[in-house]
Amino acid sequence: MTALGLAVLGCSSPVELPVTAPVAPAGEPSAGAGDAPAAPVADTPVAAAPVSPLPPSSVEGVPGWLGVRVVADESAGGLVLPGAGPIVVLSEAWSAVPPGVAIRRVDPTGVAPAPFLRSQTARYGCDGGQDVSVASFDGTSQDPLVWLLPPGVDATPVPLTVSDTPTARTWDAGGQRFTLSLTGPDRAELRAPDGQTVLHTTDLVTQRMEGDEGSHLDLKASFMVPQLDAAWRIGGVLLVAGRFDSYEGQHYVVYTVGAAAVEHEVAYLYRCAF
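Before going into details, it helps to say that this report is about the structure given with it. (Residues numbered from 1 in each chain as written. Predicted model: local features only at pLDDT ≥ 70, side-chain atom pairs only at ≥ 80, totals over all residues. Heavy atoms only, no water.)

### Comments concerning the environment of serine 133
Reasoning step 1: Counting through the fold element by element, serine 133 comes out in strand β7 (residues 130–137).
Reasoning step 2: Placed 38 residues apart in sequence, serine 133 and serine 95 show a C-alpha to C-alpha distance of 9.3 Å.
Reasoning step 3: If near-sequence neighbours (up to four positions away) are discounted, serine 133 is found in contact with Val89, Leu90, Ser91, Glu92, Gln120 and Thr121. (Helix = DSSP H or I, 4+ residues; strand = E, 2+ residues; numbered from the N terminus. Contact = heavy atoms within 4.5 Å.)

### Remarks on the state of the cysteines
Reasoning step 1: Considering all chains together, one arrives at one disulfide under this definition.
Reasoning step 2: Between the sulfur of cysteine 126 and that of cysteine 272 lies a disulfide, 1.9 Å long from S to S. The disulfide joining cysteine 126 to cysteine 272 has a torsion of about 80° about its S-S bond and is therefore right-handed. Taken together, the residues span a long stretch of sequence, with cysteine 126 in the loop between β6 (116–124) and β7 and cysteine 272 in the segment after β18 (261–270) at a distance of 146 residues.
Reasoning step 3: In this structure cysteine 126 comes out as partly exposed when scored by relative accessible area, which is 25%. (Disulfide = S-S within 2.5 Å. Buried < 20%, exposed > 50% of the residue type's maximum accessible area, 1.4 Å probe, protein only.)

### Considering the pairing of strand β2 (residues 65–69)
Regular strands have side chains that alternate between both faces of the sheet.
Reasoning step 1: In terms of residue burial, β2 counts as a mostly covered element, since five of its five residues are buried.
Reasoning step 2: Taking every second residue as pointing to the same face, both faces of β2 are buried, with Trp65, Gly67 and Arg69 on one and Leu66 and Val68 on the other.
Reasoning step 3: Bridge count for β2 against strand β8 (residues 145–149) is four bridges, and the pairing is antiparallel. Paired with glycine 67 across the two strands is valine 146, which belongs to β8.
Reasoning step 4: Across two bridges, β2 lies against strand β3 (residues 87–89) in antiparallel orientation. (Pairing = 2+ DSSP bridges.)

### Examining the layout of surface pockets
Reasoning step 1: What the largest pocket holds in volume is close to 270 Å³.
Reasoning step 2: Surrounding the largest pocket, 16 residues form its lining, Ser222, Gln227, Arg243, Asp245 and Gln250 being those nearest its centre.
Reasoning step 3: Among the elements of the structure, β15 (227–234) and β16 (237–245) are those that each provide at least two residues to the lining of the largest pocket.
Reasoning step 4: With three residues, β16 is the largest single contributor of residues to the lining of the largest pocket.
Reasoning step 5: By residue class, the composition of the lining of the largest pocket is three nonpolar, six polar and seven charged. (1 Å grid on protein atoms, 1.4 Å probe; cavity = no way out; pocket = protein on both sides within 12 Å on 5 of 7 lines; lining within 4 Å. Points joined across faces, edges and corners; volume = space filled by probe spheres on them. Nonpolar A, V, L, I, M, F, W, Y, C, P; charged D, E, K, R; others polar.)

### Some thoughts on the packing of aromatic side chains
Reasoning step 1: Inspection of every chain in the model, using the stated rule, returns seven aromatic pairs.
Reasoning step 2: Ring centres 5.2 Å apart and planes at 35° place the aromatic pair tryptophan 94 and phenylalanine 116 in the tilted group. Here tryptophan 94 is found in the loop between β3 and β4 (104–107), whereas its partner phenylalanine 116 is found in strand β6, with 22 residues between them in sequence. Like tryptophan 94, the residue phenylalanine 116 is buried in the burial classification.
Reasoning step 3: Ring centres 5.0 Å apart and planes at 90° place the aromatic pair tryptophan 94 and phenylalanine 137 in the edge-to-face group. Of this pair, tryptophan 94 sits in the loop between β3 and β4 while phenylalanine 137 sits in strand β7, placing them 43 residues apart in sequence. Judged on exposure class, the residue tryptophan 94 and its partner phenylalanine 137 are both buried.
Reasoning step 4: An aromatic cluster is present here, built from Trp65, Trp94, Phe116 and Phe137 joined pairwise through their rings. (Phe/Tyr/Trp six-rings, centres within 6.5 Å; stacked < 30°, edge-to-face > 60°.)

### With respect to unusual backbone geometry
Reasoning step 1: Omega for the bond connecting glycine 85 with proline 86 falls within 30 degrees of zero, at 10°, which places this linkage in the cis form.
Reasoning step 2: As for its position among the elements, proline 86 is in the loop between β2 and β3.
Reasoning step 3: Positive phi values are uncommon outside glycine, yet aspartate 127 reaches one of about 55°.
Reasoning step 4: Along the chain, the position of aspartate 127 falls in the loop between β6 and β7.
Reasoning step 5: Accessibility expressed as a relative area gives 78% for aspartate 127, which makes it exposed.

### Structural notes on the sheet that holds strand β10 (residues 160–165)
Reasoning step 1: Strand order across the open sheet formed by five strands is β10-β11-β12-β13-β14, with antiparallel pairing between neighbours. The sheet terminates laterally at β10 and β14 (198–203), the two strands that pair on one side only. In this sheet, neighbouring strand axes are inclined to one another by 15° on average, regardless of whether the strands run parallel or antiparallel.
Reasoning step 2: In this sheet, strand β12 (residues 176–184) lies alongside strand β11 (residues 168–173) in antiparallel orientation, the contact comprising six bridges. Note on β12: the bridge partner recorded for tryptophan 171 is phenylalanine 178. (Axes fitted to C-alpha atoms, helices over the stretch in contact; angles between N-to-C directions.)

What follows is the structure, encoded as structure tokens:
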């Protein structure tokens with residue numbers, strides 16, 4: 001099974017390359033001083049092959065892509081993908097994009113260049129790993145997750161803070177609060193800033209896999225419950241991004257906050273059969 005990155009069409013336009021004027025074939029005589037002038041030949045523009053547009057965005061209606069920091073050890077926060085990175089988008093949709101496209105990234109330090117390097121296949125998971133298609137970008141990040149920007153898009157980082165009680169974990173970003181709380185034995189809900197909308201529900205009573213009867217939810221851990229890592233304002237839209245582990249892989253989610261908050265699962269990596 002291979003990992004899949006999900007996304008939506010962007011809106012970049014094809015670019016036409018300059019056209020060189022036609023040249024007469026070698027060996028053809030040119031008109032001399034006493035010759036009758038040659039009939040004018042109209043230059044016929046030759047359409048250049050269009051440059052491939054940028055791939056679909058990670059979240060419909062929001063320009064850009066969710067990027068993941070590549071690290072040597074997962075304890076540093078990020079993803080271990082030897083030979084890829086330093087930042088990757090979990091998608092195969094960049095295979096037609098030429099290297100060097102001027103992408104930028106936004107993280108807590110601000111906005112900085114993160115040019116596209118290449119589309120490639122990396123290995124991820126147990127027992128030698130599985131093939132996963134990724135796009136690699138140059139650049140650094142302080143967060144496990146970053147947002148990558150197409151040209152001409154305004155963005156700013158938004159501070160994300162976390163606090164805990166015995167039965168709840170909350171994240172605050174841009175004046176909005178997300179609350180993850182225990183609602184029963186091994187059952188948890190992540191609620192939107194309005195306090196009413198349930199964005200994500202985990203219930204080990206129904207989701208527990210055979211052979212894992214002893215596991216329980218920990219609101220501070222990523223097993224089966226989202227842990228929010230980063231927040232940004234992209235073109236006026238507040239995004240909050242996070243990750244969680246299921247029994248066989250890792251899920252990447254983005255929450256958009258507008259008139260309503262919505263969860264978008266933008267990528268999944270298969271790691272190992274339970």
